[in-house]
Amino acid sequence: MSAVLGTRVPRREDAELLTGAARFVDDLRIHGELHVKLVRSPFAHARIRSIDTAGAAARPDVVAVLTATDLRDEFVTPLPCAWPVTPDMVNPAHWPLASDEVHYAGEPVAVVVARSRVAARDAMEWVVVEYDELPAAVDLETAASDATLAHSELSSNTAYVWPLVPDPDAVDRAFAAAVHTVKERYVHQRLIAMAMEPRGVAVVPEVYGGNYIVYSATQIPHILKVQLGLCTGIDEHKLRVVAPSVGGGFGSKLDVYGEEVLCLVLARRLGRPIRWNEERGEGTQATVQGRGQIQQIELAADAEGRITAVRAEVVADMGAYLQLVTPGVPLLGGFIYHGVYDVAAYSFTCRGVFTNCTPTDAYRGAGRPEATYAIERSIEALAREVGVDPVEIRRRNFIAADQFPYETCAGLTYDSGDYSTALDEALRIAGYEQLRTEQASRRDRRDTRHLGIGISAYVEMCGLAPSRLLAQLSFGAGGWEHAEVRVLPTAKVEVITGTSPHGQGHETSWAMIASDRLGIPIDHIEVLHSDTAISHLGLDTYGSRSLAVGGTAVYLACDKVIEKARLIAAHHLEAAEADLEFVDGQFSVRGTPARSLPIEMIAFEAFTAHNLPDGVEPNLTASASYDPQNFTFPFGVHIAVVDVDEETGAVDLVRYIAVDDCGNMVNPLIVEGQVHGGVVQGVAQALFEEAVYDDAGQLRTASLADYLVPSAAEVPGIELGHTITPSPVTPMGAKGVGEAGTIGAAPAVINAIVDALSHLGVTDVAMPATPERVWTAIQEARR
Ligand code: MCN
């Protein structure tokens, strides 16, 4: 890489974000705006008998109180699910307001519009809704058995069954011939994204032109624009969607929400700006949750513990409705249940099941943390079965560095990898042998604080994605990305991107890419994004796709600019284009460096157009849409070191080592920040966070007092390492990193806890591994 790429440029967006100067949806003051509050069902499953809005409508400063019946004609289609994973997938109509039956606690049934937020909140309490409560399907396994139906009109809770079994006979043969087998069951609790900024939307109608500006705390302004048009019947070209500063999303803002559609139709109906801001406690129920899976995984292996087949069966909690990509989330993991291991036979089946809980959808990693957890926990079970060290079992099974590109048993092509080197590096940083010695000596002296060392080796499929492969998965959109690069007359540059950052530092990264290609100082480059009137084409940010796809589009657009500049330079230097070389922002005739022209002068020539070659348009602008040929497959090895107190069950995460390989790095500082954040989210799943529902479907962890988001005090300094194995798929050799930390972390931590207690007979601890759960696991092992 060049002088700029691969360097630790501080994030230019941070000064605004860290000093409170950034403007989020709630910071926008819109003259004449009206405030919306939603009346939400207190029941998880109930029939609506009646809704009386009269009392609320009579409250001071109330403009309107509306129900589904009042707004029926405003909606053209229900809220979208863009991923019909099977032709017979069951998808109950999901409207912004429920009319007959509610299917989760928190589902909106009426909307109050008032002149102030306080007035709207007050009036909300005066809406009288009568319900007949129905039995709720809450526990996932029970729901899968159809014991209670989540939707009265459906005959089953199963939304779909999706098999990926390339060769069933091969799997059966492998299990029949296996010397060792293991069969494990794991549960992924539901998680709440808890982005620092809750959701919010503000719609400004232009009364005479029929245009609308929709400000939303979203990850997907471009997708939202299309879907808002389809849902409301407003022509797409009349809509402008803007995502101002967005305070994190972690997948939860990759959605089209009822509140967004409602605010738009209310703005149309009332001709006034409409705003809704989510409250924290409201968001825990109203914003999609993540995970929610029960996994069964079986490994077949030969006498040495070499895995010959993987069979995984997953039951995935859809929640009450299918949101934008709900059904596809577990499938993103469905291709990688064999992880980093060279396995010939593969079987994966997922059953998507409705429950009367908040809908689930993408949450950092989306399917891949679940898959990684299953294989990285079960391979340790295999190590115990075979009687070898967790390091050794992995070495025996790794796909070797010389096997890449590697055709997997699930039908993917892993682009590049070197798993042994990443493992070596992680072991070196951890001081693995010393840790094992320390562990043994504690056991010898009967210390009640046990040391545990947990390993997790992961590979993930990211950089969503090749549109053609997404078509095979029945995904409702493509996976390309768009960029435009404009060199202005004064050689300042505007980079317009279709990605929509909400914490990932694209303004810095894309400026670095453009600076590197164009030879223009990074401070002369501005990156514009997240406003569909400025960035008219794009598919937004999720799936660790932005660098591999969107960054590549910037790279390719720069190259088109350079090719155009070359025509102008050749004309002025009176040289053949082929004789020109472009180095550090300067064209010069090969072998005659004195005959040269900087890009600054070419930019001005392109602007004045006084002397351009024939057929060259007067601008130095180019755009590129890039659709990759394959996903990218970052990988890494994480090691967690824990102290477990046998007497209290308390787990202290004392060290965390993360060696990640995301190919060439644009900005290692940003990469490290992404890994830090990701690791903490994975650690949080392992140790702290859980959305707990009671039998009636009431969320018992609806506030930050009950839902344990870890703070800096709960997480040790993370010791980072890198290996660099460039991707052959992307021109910069870069792979994604935004989800890597989360994917690696949870199995490393739980493996460490089990490792600490293995001599006591503990083989599993459920997530989150609370002191109570760990203590109970110890007592059960003793019994
Ligand atoms: N990067 C790099 N070199 C690489 C890989 C990445 O320098 N080889 C840099 C990129 O240039 C970019 C950043 O790392 O600045 C992340 O890039 P990428 O891996 O392409 O991921 P995305 O930008 O597509 O981000 C999405 C990813 C996802 S899916 C979730 S969920 C997530 C995450 O990013 N949510 C986040 N990180 C988050 N970070 C914050 N602060 N907030 C969230 O909500």
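In what follows, the accompanying structure is described.

### Focus: the overall build of the protein
Check the secondary structure of the protein and you find 21 helices and 28 strands. Scaling as 2.2 N^0.38, a compact globule of 783 residues should have a C-alpha radius of gyration of about 28 Å, and the protein matches this with 28 Å. In terms of principal-axis extent, the alpha carbons of the protein reach across some 90 × 75 × 50 Å. Counting all 783 residues of the protein, 61% fall into the buried class. Summarising the internal contacts of the protein: among those between residues at least 6 apart in sequence, 79% fall at separations of at least 24.

### As for helix H11 (residues 368–386)
Between the first and last C-alpha of H11 there are 26 Å, a value that for 19 residues agrees with the 27 Å anticipated at 1.5 Å per step. The buried count for H11 comes to 17 of 19 residues, which makes it a mostly enclosed element.

### With respect to the pairing of strand E12 (residues 274–277)
Every second residue of E12 is oriented toward a common face, with Ile274 and Trp276 on one face and Arg275 and Asn277 on the other, all of them buried. Where strand E1 (residues 34–40) and E12 come together, two bridges link them in parallel fashion. Residue pairing in the sheet places histidine 35 in a bridge with arginine 275 of E12. Where strand E9 (residues 200–206) lies against E12, four bridges are found, and the strand directions are antiparallel.

### Some details on the site of the ligand
Taken together, 33 residues lie near the ligand, and Gln504, His506, Ser546, Gln674 and Val737 sit nearest. A distance of 3.1 Å separates a nitrogen atom of the ligand from a polar atom in the side chain of arginine 364. Within the backbone of cysteine 662, an N or O atom sits 3.0 Å from a nitrogen atom of the ligand. Taking 840 Å² as the accessible area of the ligand by itself, protein coverage stands at 95%. Among the elements of the structure, helix H16 (506–518), helix H17 (546–573) and helix H19 (668–687) are those that each provide at least two residues to the shell around the ligand. Here the shell around the ligand is composed, by residue class, of 11 nonpolar, 18 polar and four charged.

### Points about the packing of H11 against helix H12 (residues 390–397)
Where H11 contacts H12, the two axes come as close as 9 Å, and the packing angle between them is 105 degrees. With respect to H12, the element H11 is oriented roughly perpendicular. Across from Glu376, Ile379, Glu380, Leu382, Ala383 and Val386 in H11, the residues of H12 making contact are Pro390, Ile393, Arg394, Arg396 and Asn397.

### Let's talk about the nonpolar core
Judged by nonpolar contacts, the single largest core of 166 residues is most densely connected at Tyr337, Tyr414, Tyr656 and Ile753. Of the residues forming this core, the biggest block, 12 residues, is contributed by helix H20 (residues 740–757). In this structure, isoleucine 753 is in contact with Val642, Val644, Val651, Leu687, Val765, Ala769 and Val774, ignoring residues within four places of it in sequence. In terms of nonpolar packing, the next biggest core, distinct from the first, is built from 51 residues, Ala491, Leu518, Val666 and Ala734 among them.

### Details of the sheet that holds strand E22 (residues 580–583)
Spatially, three strands are ordered E22-E23-E24 in an open sheet, and the strand pairing comes out antiparallel. Each of the sheet's edge strands pairs with one partner strand only, and the pair in question is E22 and strand E24 (592–598). Neighbour-to-neighbour, the strand axes of the sheet open up by a mean angle of 30 degrees, direction not taken into account. Summarising the sheet, strand E23 (residues 586–589) and E24 pair through four bridges and their orientation is antiparallel. Bridging across to E24, valine 589 finds its partner in threonine 592. Its contacts with the sheet put helix H18 (residues 599–608) on E22, E23 and E24, and the angle it makes with E24 is roughly 50 degrees.

### Brief notes about the side chain of arginine 190
Structurally, arginine 190 can be placed in strand E8 (residues 180–192). A polar contact is formed between the side chain of arginine 190 and the side chain of glutamine 289, at a distance of 2.8 Å. Among the polar contacts made by the side chain of arginine 190, one reaches the side chain of aspartate 317 at a distance of 3.0 Å. In this structure, arginine 190 is in contact with Gln289, Gly290, Gly292, Asp317, Gly319, Thr355, Cys357, Thr358, Thr360, Glu690, Ala691 and Tyr693, ignoring residues within four places of it in sequence.

### What to know about the environment of isoleucine 234
When you line up the elements, isoleucine 234 lands in the loop between helix H7 (221–232) and strand E11 (239–242). Residues isoleucine 234 and proline 163, spaced 71 residues apart in sequence, show a C-alpha to C-alpha distance of 38 Å. If we ignore the near neighbours within four places in the chain, the residues touching isoleucine 234 are Tyr212, Gly229, Leu239, Leu264 and Arg268.

### Looking at the pattern of salt bridges
All told, the structure shown has 54 salt bridges when counted by the stated rule. Taking the shortest distance from any N to any O, the salt bridge between arginine 47 and glutamate 101 comes out at 3.5 Å. Remark: glutamate 101 occurs in strand E4 (residues 101–102) and arginine 47 occurs in strand E2 (residues 46–52); sequence separation between them is 54 residues. Residue glutamate 101 is classed as buried on the basis of its relative accessible area, which comes to 8%. Salt bridges sharing partners connect three or more residues here, namely Glu438, Arg442, Arg449, Asp643, Asp645 and Asp652.

### A word on unusual backbone geometry
Following phenylalanine 404, the chain continues into proline 405 via a peptide bond in cis, with omega recorded as -5 degrees. Summarising the element assignment, proline 405 is placed in the loop between H12 and strand E16 (406–407). Not every positive phi belongs to a glycine, and arginine 446 is a case in point at roughly 55 degrees. Tracing the chain through its elements places arginine 446 in the loop between helix H14 (432–444) and strand E18 (449–459). Exposure remark for arginine 446: the relative accessible area of 74% places this residue in the exposed category. With a phi angle near 50 degrees, glutamate 574 is a residue other than glycine that sits in the positive phi range. Position of glutamate 574 relative to the elements: it lies in the loop between H17 and E22.

### Regarding the sheet that holds strand E25 (residues 620–626)
Read from one edge to the other, the open sheet built from four strands follows the order E21-E20-E19-E25, with strand pairing classed as mixed. Two strands lie at the open edges of the sheet, namely strand E21 (525–528) and E25, each paired on one side alone. In this sheet, neighbouring strand axes are inclined to one another by 15 degrees on average, regardless of whether the strands run parallel or antiparallel. Judged from the four bridges that link them, strand E20 (residues 493–497) and E21 form a sheet pairing that is parallel. The partner of valine 495 across the bridge, within E21, is valine 527. Contacts between H17 and the sheet are confined to strand E19 (481–487), E20 and E25, with E25 contributing the most and set at about 145 degrees to the helix.

### Quick notes on the packing of aromatic side chains
Taken as a whole and judged by the stated rule, the model has 18 aromatic pairs. On the basis of an interplanar angle of 35 degrees and a centroid distance of 5.0 Å, the ring pair of tyrosine 337 and phenylalanine 348 is categorised as tilted. On the criterion of sequence distance, the pair formed by tyrosine 337 in the loop between helix H10 (329–334) and strand E15 (345–354) and phenylalanine 348 in strand E15 is long-range, its members being 11 residues apart. Here tyrosine 337 and phenylalanine 348 have matching classes, each one buried. Ring centres of phenylalanine 604 and phenylalanine 607 lie 5.9 Å apart, and the angle between their planes is 50 degrees; on these two criteria the pair is classed as tilted. Pair noted here: phenylalanine 604 and phenylalanine 607 are both in helix H18, with a separation of three residues, about one helical turn. Of note, arginine 199 hangs over the ring of tyrosine 257, and the distance from its end group to the ring centre comes to 3.5 Å. Here arginine 311 stacks its cationic end above the ring of phenylalanine 175, 4.2 Å away from the centre of that ring.

Rules behind the numbers
Position numbers for residues start from 1 in each chain and track the written sequence from start to end. Owing to the predicted nature of the model, reporting of local features is limited to residues with pLDDT of at least 70; listing and counting of side-chain atom pairs is limited to 80 or more, with chain, interface and lining totals taken over all residues. The basis for the side-chain values is all heavy atoms of the structure; hydrogens and waters are excluded. By the criteria applied, helices consist of DSSP H or I runs no shorter than four residues and strands consist of E runs no shorter than two, each listed in order from the N terminus. Radius of gyration here uses only the C-alpha atoms, and the compact-globule reference equals 2.2 Å multiplied by the residue count raised to the power 0.38. A 1.4 Å probe rolled over the protein chains alone gives each residue an accessible area, and that area as a share of the maximum for its type sets the label: buried under 20%, exposed over 50%, partly exposed in between. Residue contacts follow a heavy-atom distance rule, with two residues in contact if any of their heavy atoms lie within 4.5 Å. Expected span of a helix, by definition, is 1.5 Å for each gap between consecutive residues, and there is one gap fewer than residues. The pairing criterion is simple: DSSP has to find at least two bridges between the two strands. Nearness here has a simple test: a residue counts as near a molecule or strand if at least one of its heavy atoms is within 4 Å of that partner. The term polar contact refers here to a pair of N or O atoms within 3.5 Å; inside protein, the definition further demands a hydrogen-donor-capable atom paired with an acceptor-capable atom, and it admits residues adjacent in sequence only when both atoms are side-chain atoms. Note that accessible areas follow from Shrake-Rupley with a 1.4 Å probe, and for residues the cover is restricted to the protein chains shown. Gly is put with the polar residues, along with every residue not named as nonpolar or charged; the nonpolar set is Ala, Val, Leu, Ile, Met, Phe, Trp, Tyr, Cys and Pro, and the charged set is Asp, Glu, Lys and Arg. Lines are fitted to the C-alpha atoms to define the axes, a helix being fitted only along its stretch in contact, and any angle between axes, read from their N-to-C directions, falls within 0 to 180 degrees. Just so you know how the angles are binned, under 35 degrees is roughly parallel, over 145 roughly antiparallel, 65 to 115 roughly perpendicular, and the rest oblique. Side-chain atoms within 4.5 Å are what join buried Ala, Val, Leu, Ile, Met, Phe, Trp, Tyr and Cys residues into a set we call a nonpolar core. What makes a salt bridge here is a side-chain nitrogen of Lys or Arg within 4 Å of a carboxyl oxygen of Asp or Glu, nothing more. Ring pairs are drawn from Phe, Tyr and Trp, using the six-membered ring of Trp, whenever the two centres fall within 6.5 Å, and their geometry is named by plane angle: stacked under 30 degrees, edge-to-face over 60, tilted for the rest. The rule for a charge over a ring is simple: NZ of Lys or CZ of Arg within 6 Å of the ring centre, and within 35 degrees of the ring normal.

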